[in-house]
Amino acid sequence: MSKKSKPRRGSRTRSETYALRPGPNWPLLAVSGLGIALTGYLSWTAFSGGGVQGCSAGGGCDIVLTSRWATLLGLPTALWGLFGYTALAGIAFVRRADTHWSYALTAAFFGVCYSVYLTVVSLTILESACPYCLTSLGLMTGTLALVVLQRPSEMAHRTWVGLVAGRGALAAVVILLLHANYTAPQAEPVGPEDPMTRALAEHLTEEGVLFYGASWCPHCQEQKRLFGASASRLPYIECGLAGPNGPQAPSCRAAGVQTYPTWVIDGRATVGQVLTLAQLADATGFPGAANFR
């Protein structure tokens, strides 16, 4: 009886033996650090409301970074990217070789899948490109390539189909659900209208104010939301029904409009800014301006 029990204990000990990395995965840590710097900067600008360097108002980069895809579950998408790169940096310190590689593969694979999804959306739906987003895609793709090249010998018995199939299926389901949420029709504001907001919208029209915008412009949508159910009463001129890269409406081209939104008040143009109700009321001499302060 005792002779049979000894091999069993010895077998268990051998099965629990695994290789340890000699130290942190420095290449993975370096690439993750670049990603942390990039997404950290974008997260900071998103929370502070500051402008992103190189992203002019109404430009392609601005369209992407202010679109509905710029947030995920109420937080800036860049912040989720920061979480991902930080997780990869933490994984770089996992010493057990097979666990380290499995965690790194999962994080990098999901990161690439979601980055590719966002890139496809920006190029097809938003018809714009963001250099910062493309840089993040490049960093995450490089991270995945690095992880693939670092495959430890302990994982050689696992086929790539087996390693990717489950992760790919889960990533596809998550992305499809998120896409359905992003593209779901958004409810238009309905009455009752706020009397003062309605009065301001009608006042703007009476004063000859012009509001140039585009249906795909996030800042224009934000501007309209300030007026709620009274947005339809604004002196709004649609400039971009053909999309970001399509021809501009003749009336907008004749007025020299290049950036959205553009407000023209008393012949003076205010470009690329979302104006508060108080600012509009003050600029046009609205009698009830004090109600918006």
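For clarity, every value in this text was computed on a predicted model and none was experimentally measured. (Residues numbered from 1 in each chain as written. Predicted model: local features only at pLDDT ≥ 70, side-chain atom pairs only at ≥ 80, totals over all residues. Heavy atoms only, no water.)

Glancing now at the overall build of the chain. If you tally the helices and strands in the chain, you get 11 helices and six strands. Taken over C-alpha atoms, the radius of gyration comes to 27 Å for the chain, far larger than the 19 Å a tight globule of 293 residues would show. The principal-axis extent of the C-alpha atoms belonging to the chain is close to 100 × 35 × 30 Å. Considering the chain as a whole, with its 293 residues, one finds that 39% of them fall into the buried category. (Helix = DSSP H or I, 4+ residues; strand = E, 2+ residues; numbered from the N terminus. Rg over C-alpha atoms; globule rule 2.2 N^0.38 Å. Buried < 20%, exposed > 50% of the residue type's maximum accessible area, 1.4 Å probe, protein only.)

With that out of the way, let us pick up the sheet that holds strand β6 (residues 268-271). The sheet built from four strands is open, its strands ordered β4-β3-β5-β6 with mixed pairing. Both outer strands of the open sheet, β4 (236-238) and β6, are each paired with one neighbouring strand and no more. Here the average twist between neighbouring strands, direction ignored, is 20°. Of the strands in this sheet, β3 (210-213), β4 and β5 (262-265) are in contact with helix α9 (residues 218-225), which crosses β3 at around 140°. (Pairing = 2+ DSSP bridges. Axes fitted to C-alpha atoms, helices over the stretch in contact; angles between N-to-C directions. Contact = heavy atoms within 4.5 Å.)

Since the α-helix packs 3.6 residues into each turn, any two residues three or four apart lie on the same face. Compared with the 34 Å implied by 1.5 Å per residue over 24 residues, the 33 Å span of helix α7 (residues 160-183) between its first and last C-alpha is a close match. Looking at the buried side of α7, the elements it contacts are β1 (71-72), α4 (77-91) and α5 (97-124). (Expected span 1.5 Å × (residues − 1).)

This part covers helix α6 (residues 131-149). Counted at 1.5 Å a residue, the expected span for α6 with its 19 residues is 27 Å, and the 27 Å between its end C-alpha atoms agrees. Within the span of α6, buried status applies to Tyr132, Ser136, Leu137, Leu139, Met140, Thr143, Leu144, Leu146 and Val147.

Remember that side chains alternate between the two faces of the sheet whenever the strand is regular. By the bridge criterion, three bridges tie β3 to β5 in an arrangement that is antiparallel. Counted as the bridge partner of Leu210 is Val264 from β5. Direction of pairing for β3 relative to β4: parallel, over a ladder of three bridges. Along β4, the bridge assignment pairs Tyr212 with Ile237. Following the chain from β3 across α9 to the adjacent parallel β4, one finds a crossover that is right-handed. (Right-handed = clockwise from strand over helix to strand, strands pointing away.)

Functional significance is not addressed by these values, which are geometric in nature.
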